[in-house]
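Here are the chains, one letter per residue:
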Amino acid sequence: MTLRSRAVGLVSLSLLLCLVAGSATAAVTIFVENIHGHVPDTDGFLDGDPDPQVFVWIDGSLAGATPIIPSALNPNWPTFSCSLPITPVPGNTPLVSVSLMVADDEGPGNPQQFVGTVSFQYDWQAGAPVTATAPIVGAYSFPGDQMTATIRVVSDAVPAEATAWGELKALFR
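Conventions and cut-offs
Residues numbered from 1 in each chain as written. Predicted model: local features only at pLDDT ≥ 70, side-chain atom pairs only at ≥ 80, totals over all residues. Heavy atoms only, no water. Helix = DSSP H or I, 4+ residues; strand = E, 2+ residues; numbered from the N terminus. Buried < 20%, exposed > 50% of the residue type's maximum accessible area, 1.4 Å probe, protein only. Areas by Shrake-Rupley, 256 points an atom, 1.4 Å probe, with all protein chains shown as cover. Pairing = 2+ DSSP bridges. Axes fitted to C-alpha atoms, helices over the stretch in contact; angles between N-to-C directions. Lys, Arg positive; Asp, Glu negative; His and termini not counted. Salt bridge = Lys/Arg side-chain N within 4 Å of Asp/Glu carboxyl O. Contact = heavy atoms within 4.5 Å. pLDDT = per-residue confidence, 0-100. Core = buried A, V, L, I, M, F, W, Y, C linked by side-chain atoms within 4.5 Å. Patch = residues over 30% accessible without salt bridge, like charges linked within 9 Å, V, L, I, M, F, W, Y side chains within 5 Å. Charge placed at Lys NZ, Arg CZ, Asp CG, Glu CD. Phe/Tyr/Trp six-rings, centres within 6.5 Å; stacked < 30°, edge-to-face > 60°. Lys NZ or Arg CZ within 6 Å of the ring centre and 35° of its normal.

1. Quick look at the overall build of the protein
Right, so step 1: Of the regular secondary structure elements, the protein holds two helices and eight strands.
Right, so step 2: Counting from the amino terminus, helix and strand elements in the protein follow one another as α-β-β-β-β-β-β-β-β-α.
Right, so step 3: A total of 173 residues make up the protein; the buried ones form 36% of that total.
Right, so step 4: Counting every atom, the protein has about 10100 Å² of accessible surface; 62% of that belongs to carbon and sulfur.

2. Thoughts on the sheet that holds strand β4 (residues 76-86)
Right, so step 1: Read across the open sheet, the four strands follow the order β4-β1-β8-β7; overall the sheet is antiparallel. Edge positions in the sheet fall to β4 and β7 (130-135), since each has one partner strand and no second. For this sheet, the mean inter-axis angle between neighbouring strands, taken without regard to orientation, is 25°.
Right, so step 2: Where β7 lies against strand β8 (residues 146-155), six bridges are found, and the strand directions are antiparallel. Bridged to A134 within β8 is M147.

3. Re the side chain of D51
Right, so step 1: Inspection of the secondary structure assignment puts D51 in the loop between β1 (28-38) and β2 (52-58).
Right, so step 2: Although D51 is buried, it forms no salt bridge, and the closest oppositely charged side chain is R152 at an N-O distance of 28 Å.
Right, so step 3: For D51, the residues in contact, after removing those within four places along its chain, are D43, I68, I69, P70, S71, A103, D104 and D105.

4. Details of the confidence of the model for the protein
Right, so step 1: Scored by pLDDT, the protein has a mean of 78; 72% of the residues are at 70 or more.
Right, so step 2: Model confidence for the protein, summarised as mean pLDDT per element, is weakest for helix α1 (residues 3-24) at 43 and strongest for β2 at 95.
Right, so step 3: Contacts for the low-pLDDT stretch residues 7-25, under 50 throughout, to residues beyond four places or in other chains number nine contacts.

5. Focus: the nonpolar core
Right, so step 1: Counting residues in each nonpolar core, the largest one holds 32 residues, and the members touching the most others are I35, V56, I58, L100 and M147.
Right, so step 2: Only β1, β2, β4, β5 (95-104), β6 (113-123), β7 and β8 provide two or more residues apiece to this core.
Right, so step 3: The element that contributes the greatest number of residues to this core is β4, accounting for five residues.

6. Some thoughts on a negative patch on the surface
Right, so step 1: Together, D41, D47, D49 and E106 give the surface a local cluster of negative charge.
Right, so step 2: With respect to the helices and strands, the residue D49 is situated in the loop between β1 and β2.
Right, so step 3: On the accessibility criterion, D49 (30% relative accessible area) is partly exposed.

7. Quick notes on the packing of aromatic side chains
Right, so step 1: Summed over all chains, the structure comprises zero aromatic pairs.
Right, so step 2: The aromatic ring of F31 is capped on one face by R152, whose charged end is 4.4 Å from the ring centroid.

Printed below as a string of structure tokens:
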């Protein structure tokens, strides 16, 4: 066995080990979907029902916002889904904070009225979907005002061939 073939074998093995180790820290995507619940009537008895919208925050980053549902005390967004990719790094926690900020749309030209926030903790390392319900916390919330959401994680695809592999092969031609 020549020195060159030993070097190629050693470098190939090192690259393979790096690729395998790298896949353990592949990115994951957190999905929040099937949001529904009961919101307080912030518009008052004679002004109709609220027009709720939910802003979804994952670890302090805005992941998306539901459509506005007109005149609904019990909104349901079963087809709504938003996501945020997260790349695990050494030392970060497997828990993510998911916050649903509930707002009442007041129509064009008017600012939305903040209703309250619902907060969940999700352990993405376990990987199982979780459906959680929590109360809306805010100035307009009453007992029974709550939101439910399903939170799940999907591992992002790791490419079959790393770009560095082609560069490495080119060195030994």
